[in-house]
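Listed below are the residues making up each chain.
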Amino acid sequence: MANSFFKFKQFTIYQERAAMRVGTDGVLLGAWCRIGEAKRILDVGTGTGLIALMAAQRSAACIDAVELDFGAACDAALNAGLSPWSDRVTIYKADFGDWFGRYTRPRYDHILSNPPYFVQSLLPPDSRRERARHTGTLDYETLFEGAAALLLPGGRVSLISPADLEEHLTFVALLHGFYPARFTYVSGIAGRAPKRLLSEWGRARRPLQTHAMAIEQRGTGYTTDYVSLTRDFYLKM
């Protein structure tokens with residue numbers, strides 16, 4: 001049975017009620033995104049609040065985090081409240097499409113999301129995992145539509161997605177006026193095809209920066225790239 005909590009260097013993620021628990025994808029995005037001098041950050045589909053708290057650790061920004069699933073939103077609220085940044089992180093239990101479309105919202109410098117990504121796969125039997133992992137309730141179209149409405153001029157969107165959805169993701173982003181700025185292709189094992197794409201998007205057309213990294217080196221453990229990226233968060237590598 002999976003642990004009901006995951007302890008990082010500066011905060012703990014309790015995840016007893018969440019359908020999707022702490023995973024490498026969230027850690028990658030939370031460590032990789034360039035949030036710089038952002039004053040307001042939005043985490044869409046925050047789950048347990050992991051990415052929101054990583055962003056709080058890395059910045060002085062005020063962070064809003066939206067989560068549809070009631071159990072995950074409860075975990076996220078608990079985790080934010082127990083963290084050193086409880087005064088800067090606010091959790092909303094809401095559907096993102098309703099949340100940004102129905103009410104007047106603040107504008108953001110950066111939007112982060114580890115969104116549902118199984119666009120065409122068979123649905124899992126657990127309905128909560130279905131909502132957490134599939135694009136039925138949060139798709140890329142809704143995500144970029146919301147970003148177009150909520151981002152300040154010069155604002156950025158940072159995502160993690162399966163590498164094989166790059167073409168679909170780019171098509172949707174362009175439809176909403178967002179251009180790729182930075183891509184990092186992530187392989188689980190060095191030398192293998194990438195499984196994940198870390199991507200950053202903005203409204204200005206600029207030369208695309210591309211990089212590649214692997215999480216593990218076969219037979220020797222974590223790569224230096226992965227250790228360097230995540231060293232401020234994991235207790236042990």
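It should be emphasised that the depicted structure is a prediction, and the values quoted were computed from it without experimental measurement.

Criteria and thresholds
- Residues numbered from 1 in each chain as written.
- Predicted model: local features only at pLDDT ≥ 70, side-chain atom pairs only at ≥ 80, totals over all residues.
- Heavy atoms only, no water.
- Pairing = 2+ DSSP bridges.
- Helix = DSSP H or I, 4+ residues; strand = E, 2+ residues; numbered from the N terminus.
- Phe/Tyr/Trp six-rings, centres within 6.5 Å; stacked < 30°, edge-to-face > 60°.
- Buried < 20%, exposed > 50% of the residue type's maximum accessible area, 1.4 Å probe, protein only.
- Lys NZ or Arg CZ within 6 Å of the ring centre and 35° of its normal.
- Core = buried A, V, L, I, M, F, W, Y, C linked by side-chain atoms within 4.5 Å.
- Contact = heavy atoms within 4.5 Å.
- Axes fitted to C-alpha atoms, helices over the stretch in contact; angles between N-to-C directions.
- Parallel < 35°, antiparallel > 145°, perpendicular 65-115°, else oblique.
- Left-handed = near helix turned anticlockwise from the far one by under 90°.
- pLDDT = per-residue confidence, 0-100.

Another aspect to go through is the sheet that holds strand E9 (residues 196-202). In space, the nine strands of this open sheet follow the order E5-E4-E3-E6-E7-E9-E8-E10-E11, with mixed pairing throughout. On the outer flanks of this sheet lie strand E5 (89-93) and strand E11 (221-222), each paired with one strand and no other. With six bridges connecting them, strand E7 (residues 151-162) and E9 associate as antiparallel partners. Each residue of the ladder has a partner; that of Leu159, found in E9, is Ser199.

Another point: the packing of aromatic side chains. Under the criterion given, the structure shown has 15 aromatic pairs. On the numbers, 6.4 Å between centres and 55 degrees between planes, the contact of Phe6 with Tyr234 is tilted. Of this pair, Phe6 sits in strand E1 (residues 5-7) while Tyr234 sits in the segment after helix H8 (224-230), and the two are 228 residues apart along the sequence. Overall, the relative accessible area of 31% leaves Phe6 in the partly exposed class. Among the aromatic residues, those joined into a ring-pair cluster are Phe6, Phe8, Phe11, Trp85, Tyr222, Tyr226 and Tyr234. We note Arg182 situated over the ring of Trp32; from NZ or CZ to the ring centre the distance is 3.7 Å.

This paragraph deals with helix H2 (residues 50-58). Two residues of an α-helix separated by three or four positions point the same way, owing to the 3.6 residues in each turn. Counting buried positions over the nine residues of H2 gives eight, a clear majority of the element. Listing the buried residues of H2 in full gives Leu50, Ile51, Ala52, Leu53, Met54, Ala55, Ala56 and Gln57.

Residues Phe8, Phe11, Leu28, Ile41, Ile63 and Val89 are the most contacted members of the largest nonpolar core, which totals 34 residues. Mapped onto this core, the elements with two or more residues apiece are helix H1 (24-32), H2, strand E4 (62-67) and strand E10 (209-217). Looking at this core element by element, the count peaks at seven residues for H2. Apart from the residues lying within four places of it in its own chain, the contact partners of Ile63 are Ile41, Ala52, Ala55, Ala56, Arg88, Val89 and Thr90. Counting residues in each nonpolar core, the second largest holds 26 residues, with Val66, Leu138, Leu159 and Phe178 among its members.

Below, the discussion takes up the packing of H1 against H2. Running from N to C, H1 and H2 point in directions that differ by 25 degrees, and their axes come no closer than 9 Å. Of the possible angle classes, the one that applies to H1 and H2 is roughly parallel. In this structure, the crossing between H1 and H2 has a hand that is right-handed. Residue-level contacts link Gly26, Val27, Leu29, Gly30, Ala31 and Trp32 of H1 to Leu50, Ile51, Met54 and Arg58 of H2.

Let us now look at the pairing of E10. As defined by bridge partners, strand E8 (residues 179-189) adjoins E10 across seven bridges and the pair is classed as parallel. If you follow Val186 over to E10, its bridge partner there is Met213. Inspection of the sheet shows E10 paired to E11 by two bridges, in the antiparallel sense. Within E11, the position partnered with Glu216 by the bridge is Tyr222. Linking E10 to E11, which pair antiparallel, is a turn of three residues; within it Gly219 sits at a positive phi near 85 degrees.

Turning our eyes to something else, we now look at the confidence of the model for the protein. Considering every residue of the protein, the mean pLDDT works out to 89; 89% of them sit at 70 or more. Counting interchain partners and residues more than four positions distant, the pLDDT-below-50 stretch residues 118-125 has twelve contacts. Of the regions scoring below 50 in pLDDT, residues 127-136 engages in 33 contacts with residues more than four places distant in sequence or in other chains.

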